[in-house]
Amino acid sequence: MSLELLTLTNPVFKSYTFWTGVLVIKMLAMSLLTAIQRFKTKTFANQEDLMSPKLKVKFDDPNVERVRRAHRNDLENILPFFIIGLLYTLTNPSAFLAINLFRAVGISRIAHTLVYAVVVVPQPARALAFFVALLATAYMALQVIAAAAF
Amino acid sequence: MSLELLTLTNPVFKSYTFWTGVLVIKMLAMSLLTAIQRFKTKTFANQEDLMSPKLKVKFDDPNVERVRRAHRNDLENILPFFIIGLLYTLTNPSAFLAINLFRAVGISRIAHTLVYAVVVVPQPARALAFFVALLATAYMALQVIAAAAF
Amino acid sequence: MSLELLTLTNPVFKSYTFWTGVLVIKMLAMSLLTAIQRFKTKTFANQEDLMSPKLKVKFDDPNVERVRRAHRNDLENILPFFIIGLLYTLTNPSAFLAINLFRAVGISRIAHTLVYAVVVVPQPARALAFFVALLATAYMALQVIAAAAF
């Protein structure tokens, strides 16, 4: 049975795979976004990164730090989703529900980045994006625990 | 063979799945713990999060920073466990050993959070909790490397 | 079919498993490297970690912070590789290409740590190591998205 669950003929796995790929690309893009801000503001954290002898290492540029906070928030929320989404897929959930949960996580985490680190949007935009993904991930985790506990 | 390894009829996978679900919930709870400390101490890192024009962004509250250090320690230790526990399960290990290793990681990481970020307990409480999970994870990783290398 | 893909008789999975095990060990070693720097420079972030009443908590030692930046860079880059490498394996890619991509990620991330946190090497050493792993991971993610989208 787990045989078919991890193939792309399973629409749940197909959706999980798609959104995981998209979110990995989104996370890797955060490094480039950080680099852009570092060069724009000439904020480098290491001596060997300074491109001119006049520059000094700097750690507190607000534009760089904002992108770094958004990136860390990704580590805290997207990375646990990656494993729990896979285990949730292996519990053979309703395709309709599972696909919409994955979609909710994917879209809300992209929105979270946009309103946090690209164009700053007043609250509760970021809080909403954050909680949609958090609640969807927590729901999957509870389903996984229930499937494994009984 | 891998067919049965990733089903809940395999007691090793069942245990891995259970503890992974529990640790995902535990990690997500760190965000809420951070938020509680932020509101308690009125420490917000973004301009758009300030709920009163009198507040300023603040980055150095010791209570907030303590929870954030505990959370980062989770990222460093629990996230690698998630993938290595899955690969270790696929090496078809002794059920007795594997289940106790997963239990050791799960319980010691919960203890780590409690003594670090909930009620501060003198050392070596946190160091012990840290090393139990680290050693169990490193043992699994070495077993996985050995299985793949030969 | 996914049956054989996740067994060590599949050379792609074997290679993925090997390099994932190696990189988990490498990541866990970062904690020890941080601890060594903390003891060397007597830089402790928590009151309960101070081993002498004369010491104070300290957050800005450059040697400790350098290892911590390298460790965080691992979280940002190696952890997404873990999941995308697994999903890429499940797309049944060319063994030659896949094995060399995993090797590229494994070797370049070890090099990244060496030139960042062990012996500081002038740029572009670290940038090169960083981009090899990033591009290999991004390529795998795009292949995974393409496989899932069509």
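Each chain has its residues counted from 1, following the order in which its sequence is written. For naming, the first written chain is A and the first written ligand is 1, with later ones following in the order written. Residues qualify for local features only when their pLDDT is at least 70, as the model is predicted, and side-chain atom pairs are given and counted only at 80 or more; totals for whole chains, interfaces and linings, by contrast, use all residues. Values reported for side chains reflect all heavy atoms of the structure, with hydrogen atoms and water molecules removed beforehand.

For chain A, an unreviewed UniProt entry supplies the name Microsomal glutathione S-transferase 1 and the organism Drosophila virilis. Reading the Catalytic activity (unreviewed entry) entry of the UniProt record for chain A gives the comment "RX + glutathione = an S-substituted glutathione + a halide anion + H(+)". UniProt positions are given in the numbering used here, feature names are shortened, and annotations may be inferred rather than shown by experiment. Recorded in UniProt under Sequence similarities (unreviewed entry), the annotation for chain A is "Belongs to the MAPEG family."

### Comments concerning the environment of Met 27 of chain B
Residue position: Met 27 of chain B is located in helix α2 (residues 11–41). Sequence spacing of Met 27 of chain B and Ala 70 of chain B is 43 residues, and the spatial spacing of their C-alpha atoms is 9.8 Å. The contact rule is simple, with two residues in contact once any of their heavy atoms fall within 4.5 Å. Discounting chain neighbours no more than four positions away, the residues touching Met 27 of chain B are Pro 80 of chain A together with His 71, Asp 74, Leu 75, Ile 78, Leu 79 and Phe 82 of chain B. Secondary structure follows DSSP: runs of H or I at least 4 residues long count as helices, runs of E at least 2 residues long count as strands, and numbering of each begins at the N terminus.

### So, the packing of helix α5 (residues 125–149) of chain A against α2 of chain B
For the pair α5 of chain A and α2 of chain B, interaxial distance at closest approach is 8 Å and the crossing angle is 150°. When the interaxial angle is binned, α5 of chain A and α2 of chain B end up roughly antiparallel. As for how α5 of chain A packs across α2 of chain B, the hand of that crossing is left-handed. Along the contact surface, α5 of chain A presents Phe 130, Phe 131, Leu 134, Thr 137, Ala 138, Ala 141, Leu 142, Val 144, Ile 145, Ala 148 and Ala 149 of chain A, while α2 of chain B presents Lys 14, Thr 17, Phe 18, Gly 21, Val 22, Val 24, Ile 25, Leu 28, Ser 31 and Leu 32 of chain B. Three classes are used, and their members are as follows: Ala, Val, Leu, Ile, Met, Phe, Trp, Tyr, Cys and Pro are nonpolar, Asp, Glu, Lys and Arg are charged, and the others, Gly among them, are polar. Split into classes, the residues belonging to the contact of α5 of chain A with α2 of chain B amount to 16 nonpolar, four polar and one charged. Between the N-to-C directions of two axes lies an angle of 0 to 180 degrees, each axis being a line fitted to C-alpha atoms and, for a helix, fitted only over the stretch in contact. The cut-offs work like this: below 35 degrees is roughly parallel, past 145 is roughly antiparallel, 65 to 115 is roughly perpendicular, and the gaps in between are oblique. Two helices cross in a left-handed way if the nearer one is turned anticlockwise from the farther one by less than a right angle. They cross in a right-handed way if the turn is clockwise.

### Some words on the interface of chain B and chain C
Contact with chain B, which involves 36 residues of that partner, is made by 32 residues of chain C. When chain B packs against chain C, the two sides together hide about 2700 Å² of surface, and 71% of this comes from carbon and sulfur. Counting the surface chain B buries against chain C, the share from its top three residues, Arg 72, Ile 83 and Ala 148 of chain B, is 21%. The term salt bridge refers to a side-chain nitrogen of Lys or Arg lying within 4 Å of a carboxyl oxygen of Asp or Glu. Viewed at the interface, chain C and chain B are joined by three salt bridges. For Glu 48 of chain C, the salt bridge goes to Arg 126 of chain B, with nearest N and O atoms at 3.4 Å. Elements represented by at least two residues in the side of chain B that touches chain C include exactly α1 (2–5), α3 (62–90) and α5 (125–149) of chain B. Tallied by class, the residues present in the side of chain B that touches chain C amount to 27 nonpolar, four polar and five charged. A simple way to read buried area is as the amount of 1.4 Å-probe accessible surface that goes missing from two parts once joined, with both sides added.

### A few points about the relation of the copies chain B and chain C
The relation between the two copies of this chain is a rotation about an axis and a shift parallel to it. Turning chain B through 120° and shifting it by 0.0 Å along the axis lays it on chain C, with an RMSD of 0.0 Å. Here the symmetry operator amounts to a three-fold rotation axis. The share of interface residues of chain B whose copies in chain C are also at the interface is only 19%, consistent with the copies meeting through different surfaces. Each copy is superposed on the other by least squares, with the fit set by C-alpha atoms of residues at a pLDDT of at least 70 in both.

### Focus: the pattern of salt bridges
All chains considered together, the criterion is met by 21 salt bridges over all chains. Its salt-bridge partner being Glu 48 of chain B, residue Arg 66 of chain A comes within 2.8 Å of it at the nearest N-O pair. With Arg 66 of chain A in helix α3 (residues 62–90) and Glu 48 of chain B in the loop between α2 and α3, the pair connects residues from two separate chains. With a 1.4 Å probe rolled over the protein chains alone, any residue whose accessible area is under 20% of its type maximum counts as buried; one over 50% counts as exposed, and the rest are partly exposed. Accessibility expressed as a relative area gives 14% for Arg 66 of chain A, which makes it buried. Of the charged contacts, one joins Glu 65 of chain C and Arg 68 of chain C as a salt bridge, the two residues approaching to 3.6 Å between their closest N and O atoms. Remark: Arg 68 of chain C and Glu 65 of chain C occur in helix α3 (residues 62–90); sequence separation between them is three residues, near one turn of the helix.

### Overview of the UniProt feature "transmembrane region" (unreviewed entry) in chain A
Residues and elements named next belong to chain A. Per the UniProt record, "transmembrane region" (unreviewed entry) is found at residues 16–36, 78–95, 101–121 and 128–149. Secondary structure across residues 16–36 divides into 100% helix and 0% strand, with the first and last C-alpha atoms of the span separated by 30 Å. Taken end to end, residues 128–149 is 100% helix and 0% strand, and its two terminal C-alpha atoms sit 31 Å from one another.

### Describing the interface of chain B and chain A
Residue-level contacts link 32 residues of chain B with 36 residues of chain A. In this assembly, chain B packs against chain A so that about 2700 Å² is buried in total across both faces, 71% of it on carbon and sulfur atoms. Counting every contact that joins chain B to chain A gives three salt bridges. Within the residue set of the side of chain B that touches chain A, elements represented by two or more residues are α1, α2 and α3 of chain B. Take the side of chain B that touches chain A: its biggest share by element is 14 residues, from α2 of chain B. Along the lines of polarity and charge, the residues of the side of chain B that touches chain A split into 18 nonpolar, nine polar and five charged.

### Quick look at the side chain of Ser 15 of chain A
Residues and elements named next belong to chain A. Structurally, Ser 15 can be placed in helix α2 (residues 11–41). Overall, the relative accessible area of 10% leaves Ser 15 in the buried class. Beyond its immediate chain neighbours, meaning those up to four positions away, Ser 15 contacts Ile 99 and Phe 102.

### Looking at unusual backbone geometry
Residue and element names in this part refer to chain A. Of the consecutive residues Gln 123 and Pro 124, the connecting peptide bond is found in the cis state with omega at 10°. Along the chain, Pro 124 falls in the loop between α4 (95–118) and α5. Despite not being glycine, Lys 42 has its phi angle at roughly 50°, a positive value. Position of Lys 42 among the secondary structure elements: in the loop between α2 and α3.

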